[in-house]
Each structure stands twice: as C-alpha cells, then as structure tokens.
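# Structure at a glance
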Amino acid sequence: MMTRTILITGASRGIGRAVAIQCGKRGWSVGVNYAGNAAAAAETVKAVEAAGGKAVAIQGDVAHERDVIAMFDATTKAFGAITGVVNNAGIVAPASKVADMSVERLTRMFAVNVTGAYLVAREAARRMGTDRGGTGGALVNLSSAAARLGSPNEYVDYAGSKGAIDTMTIGLSKELAPVGIRVNAIRPGLIDTEIHASGGEPDRAFRLAVNVPLARPGTADEVANAVLWLLSGESSYVTGALLDVSGGR
Ligand code: NAP
C-alpha cells in the first residue's frame, strides 16, 4: 500500500496514540503532536517505529495558531506532504453544572476543542487541497457522543464544543469535496482512556457502562479502527459522516 504521511494532534496518549500505532502497522509516517507530556510522546514514537512506521514527536498547543502551523511544517519536513490529518486533541474539565462554570474554564474549553480543531482543519485544507497545490487527502475529526447526549450535570460545555465539531464536519465536507479532501467525524462513546482522570473521575467510563447496550466501555483501539478506515481508501465514498463508535449508547 502507498506510504502516507499523517498528522495526529494529541497523539501521546489515548485514542491518538492508538491511531498512531495503527498507522505505523501500515508502514505510514506519523507526526505525533502532544501538549506537555514529552515522555508519553517519545514512547508513542517508539511504538510506531516498532510497529513498522516512522514518527516524530512535535510539541504544540492546538489552541495557538503558530503551534498548529509549526506542527504541520514539522511533519512535512520530516516525511513529505501530509495526506491525512486526525483532529484528535481535546480536553474535558471536572464535572460541573453550567451555573457553576467560570469564564476561564469556558474560554479554555472552546479555545482547545473548537478554535484548536478549526485551526487544524484550516491548515489541513490549505496543505491538502488540490486548489492550493496539495494532492487531496482525508481529515478525521474526533467529536463525541456528548454532542447528541448533551452531558447534563457533567460537561455541557464539552458537549457543545463537540456539537461544533459535528457542524464543522458537515460544512467542511461540502466545502472541501471539490478539492479532494474527505472530511468525517467519529463520535466515540465511553472509551477507557486517561481523559476521565483529567475530568476528576478515572473510573467514569466503567461507572456509566451499565447504560451501554454493549455493556462495557470501548477501547482506544476500537476507536482507532474506525479512524483508520476513514483515513484509508476503503472509505473513498464517505464524506460528511458522523460515525458513532459508542457501543450503541
Ligand atoms: P486523553 O487520553 O486525555 O489524551 C489527550 C491527548 O490530547 C494527549 O495526547 C494530550 O497531550 C493531547 N492534548 C491535550 N490538550 C492538547 C492541546 N491543547 N494541544 C495539543 N494536544 C493536546 O484523551 P482521549 O480520551 O484519547 O480523547 C481523544 C479525543 O477523543 C478527544 O478529542 C476527546 O474529546 C475525544 N473523545 C474521547 C472519549 C473518551 O471516552 N475517552 C469519548 C468521546 C470523545 P499530553 O499527553 O501532552 O497531555
């Protein structure tokens, strides 16, 4: 299969890391972006290489325009033109009612999950679009089941940020179809990663799994399987899709 160059935001841990390793198994080259955990990013790079691919770790905050531009530049410099982007970096905050949310929390939530994701999507359009010298490609956005469930009493801010990702996916898929870029989103449900600990409840995915028809949390690899399908030519007629990977929840 053709060697491909993929940039994954937030690839040091969780779903992004699982996607990176699966890209490695296909012999692809990966830009492994991370925010602060350099040790985890270095470990992901080693795992991608052990799987048969190439990788480079790139620190950068997706909420900062210069960092986003730099992570695209670093990936291209290392491995050549980017043909796939996984818009994966995202944050939650501790469970809270909207009535108790500070402006600082709201500003950071939307800066990372919305502005950051839009900046990454913008750069993907600029670099991969056939109207701007690119060869086309695939953009996969990480939304969440929260976008349709709303996450009352926990994360209505986070849920709204993911609603924006769904809408961006619909609009951008139509905007970029003529220039050779497919744009899709995955809406994971309860996935066993460290994101729940960063929201203050490490066992959240297991506590809420009783409400999941498949009766368990999902794994990062099960989400990565769907991301790889959307990156690959196997999904060549799929664009603008919002794919639930949520065990039926
Ligand atoms: P995670 O385990 O918490 O990992 C988050 C990753 O994003 C880390 O690599 C982290 O880097 C990076 N990151 C955080 N803020 C960043 C920033 N500002 N700029 C660049 N990178 C940043 O998360 P996850 O569970 O794998 O989630 C990945 C995506 O799936 C997110 O968009 C999340 O909203 C979505 N999702 C997850 C679930 C779930 O149940 N896990 C469900 C639905 C949707 P460091 O290691 O350097 O901190």
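Let us look at the structure shown here. This one's a predicted model, so the numbers in the text were calculated from it and none came from an experiment.

Time to look at the site of the ligand. Taken together, 33 residues sit near the ligand, with Ser-12, Arg-13, Gly-36, Tyr-158 and Thr-193 positioned nearest. One of the backbone N or O atoms of Ala-35 is found 3.0 Å from an oxygen atom in the ligand. Within the backbone of Gly-60, one N or O atom sits 3.5 Å away from a nitrogen atom of the ligand. When the ligand is considered free in solution it has 910 Å² of accessible area, and contact with the protein chains removes 94% of it. Elements with a minimum of two residues in the shell around the ligand: helix H1 (14-25), strand E2 (29-34), helix H4 (103-128), helix H6 (156-176) and helix H7 (195-198). Taken together, the residues of the shell around the ligand sort by class into 14 nonpolar, 14 polar and five charged.

Moving on to empty space enclosed by the protein. Tallying each qualifying case throughout the model produces one cavity of 30 Å³ or more. Within this model, the largest cavity holds a volume of roughly 50 Å³. Of all the secondary-structure elements, those providing two or more residues to the lining of the largest cavity are H4, strand E5 (137-142) and H6. Along the lines of polarity and charge, the residues of the lining of the largest cavity split into four nonpolar, four polar and one charged.

Glancing now at the sheet that holds strand E6 (residues 181-188). Strand order across the open sheet formed by seven strands is E3-E2-E1-E4-E5-E6-E7, with parallel pairing between neighbours. Each having just a single partner strand, strand E3 (54-59) and strand E7 (242-245) make up the two edges of the open sheet. Direction aside, the axes of adjacent strands within the sheet are offset by 20° on average. Inspection of the sheet shows strand E1 (residues 5-8) paired to strand E4 (residues 84-87) by three bridges, in the parallel sense. Within E4, the position partnered with Ile-6 by the bridge is Gly-84. Sheet strands touched by helix H3 (residues 65-79): E1, E2, E3 and E4. Its angle to E3, the strand with the most contacts, is close to 155°.

Positionally, Gly-218 belongs in the loop between helix H8 (204-207) and helix H9 (220-231). Separated by 29 residues in sequence, Gly-218 and Gly-247 have C-alpha atoms that sit 7.1 Å apart.

In the structure shown here, the tally under the stated rule is one aromatic pair. Ring geometry for Tyr-155 against Tyr-158: centres 5.9 Å apart, planes inclined by 65°, an arrangement best described as edge-to-face. The two residues Tyr-155 and Tyr-158 agree in class, both being buried. Across from the ring centre of Trp-28, 5.1 Å away, lies the NZ or CZ of Arg-4, which sits over that ring.

If charged atoms from side chains of opposite charge come close, those side chains can pair. One pass over the structure, following the stated rule, counts 17 salt bridges. Of the charged contacts, one joins Arg-105 and Asp-157 as a salt bridge, the two residues approaching to 2.7 Å between their closest N and O atoms. Taken together, the residues Arg-105 in helix H4 and Asp-157 in helix H6 connect sequence positions 52 residues apart. As far as the burial class goes, Arg-105 and Asp-157 line up, both buried. In this structure, the salt-bridge partner of Asp-166 is Arg-187, at a minimum N-O distance of 2.9 Å. Of the two residues, Asp-166 sits in helix H6 while Arg-187 sits in strand E6, which places them 21 residues apart along the sequence. Put simply, Glu-65, Asp-73, Arg-122, Glu-123, Arg-126 and Arg-127 are held in one network by salt bridges that share partners.

Reading guide: rules and limits
- Residues numbered from 1 in each chain as written.
- Predicted model: local features only at pLDDT ≥ 70, side-chain atom pairs only at ≥ 80, totals over all residues.
- Heavy atoms only, no water.
- Near = heavy atom within 4 Å.
- Polar contact = N/O pair within 3.5 Å; in protein donor to acceptor, adjacent residues only side chain to side chain.
- Areas by Shrake-Rupley, 256 points an atom, 1.4 Å probe, with all protein chains shown as cover.
- Helix = DSSP H or I, 4+ residues; strand = E, 2+ residues; numbered from the N terminus.
- Nonpolar A, V, L, I, M, F, W, Y, C, P; charged D, E, K, R; others polar.
- 1 Å grid on protein atoms, 1.4 Å probe; cavity = no way out; pocket = protein on both sides within 12 Å on 5 of 7 lines; lining within 4 Å.
- Points joined across faces, edges and corners; volume = space filled by probe spheres on them.
- Pairing = 2+ DSSP bridges.
- Axes fitted to C-alpha atoms, helices over the stretch in contact; angles between N-to-C directions.
- Contact = heavy atoms within 4.5 Å.
- Phe/Tyr/Trp six-rings, centres within 6.5 Å; stacked < 30°, edge-to-face > 60°.
- Buried < 20%, exposed > 50% of the residue type's maximum accessible area, 1.4 Å probe, protein only.
- Lys NZ or Arg CZ within 6 Å of the ring centre and 35° of its normal.
- Salt bridge = Lys/Arg side-chain N within 4 Å of Asp/Glu carboxyl O.

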